[in-house]
Amino acid sequence: MSGFLGMGGYAAYVWPSYGLTLAIIILNIVWARRLLARSRTEARRRLAMRGEPT
Amino acid sequence: MAWTWFHRLASPPHVYGLAARLTPWFAWIAAILIAGGLYGGLVLAPPDYQQGDDFRIIYVHAPSAWMSLMVYTTMAVSAGVGLIWRMKVAHAVAASCAAIGASFTVAALVTGSLWGERMWGTYWAWDPRLTFELILLFQYLGYMGLRSAFDDLQRADRASAVLAVVGVVNVPIIHYSVIWWNSLHQAPSVMQLGKPTMPPSMLIPLLMMFLGFTLLFVALLLVRLRAEILNRERTASWIREAVSP
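For every chain, the first residue of the written sequence is number 1, and numbering continues from 1 onward in sequence order. Labels follow written order: the first chain is A, the first ligand is 1, and so on. Two thresholds apply to this predicted model, a pLDDT of at least 70 for residue-level local features and 80 or more for giving and counting side-chain atom pairs, whereas whole-chain, interface and lining totals are computed over all residues.

So, the overall build of chain A
Each helix and strand counted, chain A has two helices and zero strands in total. Burial analysis of chain A (54 residues in total) assigns 24% to the buried set. Each helix is a run of H or I in the DSSP string that is no shorter than four residues. Each strand is a run of E no shorter than two, and both are numbered from the N terminus. Counting other C-beta atoms within 10 Å of each residue's C-beta, where C-beta atoms are placed from the backbone, gives the exposure class: buried for 20 or more, exposed for 12 or fewer, partly exposed between.

Here we look at the interface of chain B and chain A
On the side of chain A, 26 residues touch chain B, which itself brings 34 residues to the contact. Contributions of two or more residues to the side of chain B that touches chain A are made by α3 (58-85), α4 (88-120), α8 (200-232) and α9 (239-243) of chain B. The element that contributes the greatest number of residues to the side of chain B that touches chain A is α4(B), accounting for 12 residues. Of the residues that constitute the side of chain B that touches chain A, the class distribution is 18 nonpolar, seven polar and nine charged. Think of it this way: build a C-beta for each residue from its backbone, and any pair within 7 Å is a contact. Asp, Glu, Lys and Arg are counted as charged, while Ala, Val, Leu, Ile, Met, Phe, Trp, Tyr, Cys and Pro are counted as nonpolar; the rest, among them Gly, fall into the polar class.

Brief notes about the packing of α3(B) against α8(B)
All names here are of chain B. The geometry of α3 relative to α8 is characterised by a closest axis approach of 9 Å and an angle of 40° between their N-to-C directions. Relative to α8, the element α3 lies oblique. Relative to α8, α3 is oriented so that their crossing is right-handed. Side by side, α3 and α8 meet where Ile 58, Tyr 59, Ala 62, Pro 63, Trp 66, Met 67, Met 70 and Val 71 of the first sit next to Pro 205, Leu 206, Met 209, Phe 210, Phe 213, Thr 214 and Phe 217 of the second. The residue makeup of the contact of α3 with α8, split by class, is 14 nonpolar, one polar and no charged. Axes, fitted as lines to C-alpha atoms, cover a helix only where it is in contact. Angles between the N-to-C directions of the axes lie from 0 to 180 degrees. If an angle is under 35 degrees, it is roughly parallel; if it is over 145, roughly antiparallel; if it lies from 65 to 115, roughly perpendicular; otherwise it is oblique. By definition, any crossing whose near helix is turned counterclockwise from its far helix by less than a right angle is left-handed, and any crossing with a clockwise turn is right-handed.

Side note on the packing of α3(B) against helix α7 (residues 170-180) of chain B
Residues and elements named next belong to chain B. Between α3 and α7, the shortest axis-to-axis distance is 10 Å and the interhelical angle comes to 155°. It follows that α3 is roughly antiparallel to α7 by the angle criterion. Here α3 and α7 pass one another in a crossing that is left-handed. For the pair formed by α3 and α7, the contact residues are Leu 69, Tyr 72 and Thr 73 on the first element and Val 171, Ile 174 and His 175 on the second. Here the residues of the contact of α3 with α7 sort into four nonpolar, two polar and no charged.

What about the confidence of the model for chain B?
All names here are of chain B. Averaged over all residues, the pLDDT of chain B equals 91, while 96% of them reach at least 70. Put simply, helix α1 (residues 4-8) is where chain B has its lowest mean pLDDT, 77, and α3 is where it has its highest, 97. Overall fold confidence for the complex sits at a pTM of 0.92, while the interface term, ipTM, reaches 0.91. A score between 0 and 100, pLDDT records how confident the predictor is in each residue.

Structure below.
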């Protein structure tokens, strides 16, 4: 296992690369979902303001 | 007749519903492919005979770089469709691409920099491919900045679409830079028709990552597109049904 984590002496380059890329993937998922949730809330609020049932 | 599918893609409620239904499929297949590609790339693939385990950076670097170019191309094509056919949904697709593309361009640049430090002895060089990739990041940021500079959505759409379409010239420059110039960056080892220079144990995880990232992009795009459509169709009557809890 230490051989795997050690990455043949390249651990300081390999793991940050994977960590950053996975972080960007997760951030993208969070951002996209938050964006949609916010737009839905906003749309509901607009409908409510026009005095129509949602 | 054959164009009905195209016309339906111009209908916001149709696209909104279609996007909602398709997202889980793209997301889950992407998750499986990326998980498999990570396992194959980190565990199953043997170390490279020259680069040792450092070569494993390719499994995150190359797909991120592919995303930076593929997302830009998608953005430019849909911006062009929006300009030519005045299609609101196409502009919404283009607008949804930019942040995704910019983030993966950052991933490509940073992972490439980490890879370069050991292989070339430097984190950064003003090499053609690196320089044009950095310019691509500024193109994404410029596109987003230009959009946010307009209050009027239609003007934002048209101005940013022109910028996106003109900037697409950088995509082939980046792709062919390692062939046109004597570059530090290694030549392609996958995108050569018929003769990839990798054994299957290295190549298959990489192809899984390429496909996984591509499907992830589609899933992210579909979610962002729904948000974009909701923001645009402020007065449309179908919205009530779409956002009812």
